[in-house]
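Architecture and fold: a report
The residues making up each chain are set out below.
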Amino acid sequence: MHHRAAATAVVPPKLEVREVGVSFATRNGRFDALAGVSMRVAENELVAIVGGSGCGKSTLLKVIGGLLPATTGAVLVDGRAIEGPGADRGMVFQSYSLYPWLSVYENVAFGLRLRGASEAAIKERVEHHLAIVSLYERRNASPHELSGGMKQRVAIARALANEPSLLLLDEPFGALDAQTRARMQEFLLDLWGRTRMTMLIITHDIEEAVFLSNRVYLMKGPPGRIVTERTIDLPAQREGGVKFSPRFNELRRELLAHLTG
Ligand SMILES: Nc1ncnc2c1ncn2[C@@H]1O[C@H](COP(=O)(O)OP(=O)(O)O)[C@@H](O)[C@H]1O
Ligand SMILES: [Mg+2]
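All figures in this text were calculated on a predicted structure; none of them were measured in a lab.

Before going further, it helps to spend a moment on the environment of Ala87. Within the fold, Ala87 resides in the loop between strand S5 (80–81) and strand S6 (89–92). C-alpha separation for the pair Ala87 and Glu163, spaced 76 residues apart in sequence, amounts to 7.5 Å. Excluding residues within four positions of it along the chain, Ala87 makes contact with Arg115, Asn162, Glu163 and Pro164.

In C-alpha cells:
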C-alpha cells in the first residue's frame, strides 16, 4: 500500500497560489486588493501575470514573496505553505533596489554575507553570477555609475546569488527606455534558456508578457483576480523578430481583447 501511494504521488507545482485574498484596513474602511486568486507555476516554467496599473499585481507578488500576509488562502512552494520570506524565493523589483553605498560586487554578495558564507564561497558565487549577467568587468563600480539596464542586471545577479528555486520579478523593466527594455527582455529569455530557472514575471505590458512567457495569467481589479490563462504557443527559442510574426500578434490581440473587454 505504502509503495503504491509513493509511486502514484503527484509532484506538487513549484508554486501554487490557492484562493488568496488580501484586504487592507484604510481610512475609508476595508479595501479588497485581491479576491480569490489561484494560479500555479510549474518547475522550469516562465509565467507572466499581466494586468493594468492598480489591479493588485504587486500585492500578489508581495504575498508570494512572503513580504505581506494573505488575509485568506495560502501560498505553497513545493507543496509547503510559506510563512514569510525565504531564500527559496528571489525577488527583483522595478525600482533599483541596489544599495547605493556598496559596489556592484558587494551588492551581489550582500545576502551571502548575511547568511555567513565564507569569503571564498562568496567570491566564487558573486563572480559566477556577475559573469552570467555580463557584468564581471564592472564588479568594482558603484551603482550610480551604471545604466538602468545594468542596474537591473545587478539586481538579478543579486537575487540569483542566493540560489533561489523561484525568481519573482515585479515589472523589472518598467523604468527602462524602450530599446534597453527590448534588450533586457532578450537577456531574460537567454538567462532562462541557460538556467531554466522557474520564473514569475509581473508586467502591465501584454507584448512583454507574450514575448517572454510560456504561459500568461491575465489579471483585473481591484479586487485583483485572474480572469483568464493562456498558453503561449510560440517557439521555445525566441528572439526579437518573433514580435513581427502573425501568431505573436494574434496572441497579443486576443489578450488585449480580454483585458479591455
Ligand atoms: N498597504 C496598502 N494599503 C492600502 N491599499 C493598498 C496598499 N497596498 C496597495 N494598495 C492598493 O491596492 C491596489 C493594488 O495595488 P498594487 O498591488 O500595487 O497594484 P499594481 O501593482 O497592479 O499596480 C491599489 O488600489 C493600491 O492603492
Ligand atoms: Mg505594481
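The structure having been displayed, the exposition proceeds.
Glancing now at the nonpolar core. In terms of nonpolar packing, the biggest core is built from 51 residues, with Ile156, Leu188 and Met199 touching the most fellow members. Per-element accounting of this core gives the leading share, 7 residues, to helix H5 (residues 148–161). With residues up to four places along the chain from it excluded, the contact list for Leu188 reads Ile156, Leu169, Phe173, Met199, Ile201 and Leu212. Within the second largest apolar cluster, 25 residues are counted, among which are Val17, Ile49, Leu61 and Met91.

Another aspect to go through is the pattern of salt bridges. Opposite charge on two side chains lets them pair, provided their charged atoms get close. Counted by the stated rule, this structure contains 19 salt bridges. The salt bridge partner of Lys14 is Asp78, with a shortest N-O separation of 2.9 Å. Residue Lys14 is found in the loop between helix H1 (2–8) and strand S1 (15–26), and its partner Asp78 is found in the loop between strand S4 (72–77) and S5; the two are separated by 64 residues along the sequence. For Asp78, a relative accessible area of 31% gives the class partly exposed. Ionic pairing is found between Glu106 and Arg113, a salt bridge with its closest N-O pair at 2.9 Å.

Moving on to the sheet that holds strand S7 (residues 166–170). Within the open sheet, the 6 strands sit side by side as S6-S7-S8-S3-S9-S10. Their pairing is mixed. Only two strands of the sheet have a single partner each, and these edge strands are S6 and strand S10 (225–231). Direction aside, the axes of adjacent strands within the sheet are offset by 20° on average. Where strand S9 (residues 215–220) lies against S10, 6 bridges are found, and the strand directions are antiparallel. When the bridges of S10 are listed, Lys220 appears paired with Arg225. Across the sheet, helix H6 (residues 178–195) lies against strand S3 (46–51), S7 and strand S8 (199–203), angled at about 165° from S8, the strand it touches most. With respect to the sheet, helix H8 (residues 246–260) is in contact with S3, S9 and S10, its orientation differing from that of S9 by roughly 25°.

Moving on, we get to the site of ligand 1. Near ligand 1, the surroundings consist of Phe24, Phe31, Ala33, Gly52, Ser53, Gly54, Cys55, Gly56, Lys57, Ser58 and Thr59. Contacts to ligand 1 include Thr59, whose side-chain N or O atom sits 2.6 Å from an oxygen atom. Protein burial of ligand 1: of its 560 Å² of free accessible surface, 62% is covered by the chains. Going through the elements one at a time, strand S2 (29–41) and helix H2 (57–65) are the ones with two or more residues in the shell around ligand 1. Here the shell around ligand 1 takes 3 residues from H2, the largest share from any one element. In the shell around ligand 1, the residues fall into 4 nonpolar, 6 polar and 1 charged.

Reading the values: rules and limits
- Residues numbered from 1 in each chain as written.
- Chains lettered and ligands numbered in written order.
- Predicted model: local features only at pLDDT ≥ 70, side-chain atom pairs only at ≥ 80, totals over all residues.
- Heavy atoms only, no water.
- Helix = DSSP H or I, 4+ residues; strand = E, 2+ residues; numbered from the N terminus.
- Contact = heavy atoms within 4.5 Å.
- Core = buried A, V, L, I, M, F, W, Y, C linked by side-chain atoms within 4.5 Å.
- Buried < 20%, exposed > 50% of the residue type's maximum accessible area, 1.4 Å probe, protein only.
- Salt bridge = Lys/Arg side-chain N within 4 Å of Asp/Glu carboxyl O.
- Pairing = 2+ DSSP bridges.
- Axes fitted to C-alpha atoms, helices over the stretch in contact; angles between N-to-C directions.
- Near = heavy atom within 4 Å.
- Polar contact = N/O pair within 3.5 Å; in protein donor to acceptor, adjacent residues only side chain to side chain.
- Areas by Shrake-Rupley, 256 points an atom, 1.4 Å probe, with all protein chains shown as cover.
- Nonpolar A, V, L, I, M, F, W, Y, C, P; charged D, E, K, R; others polar.

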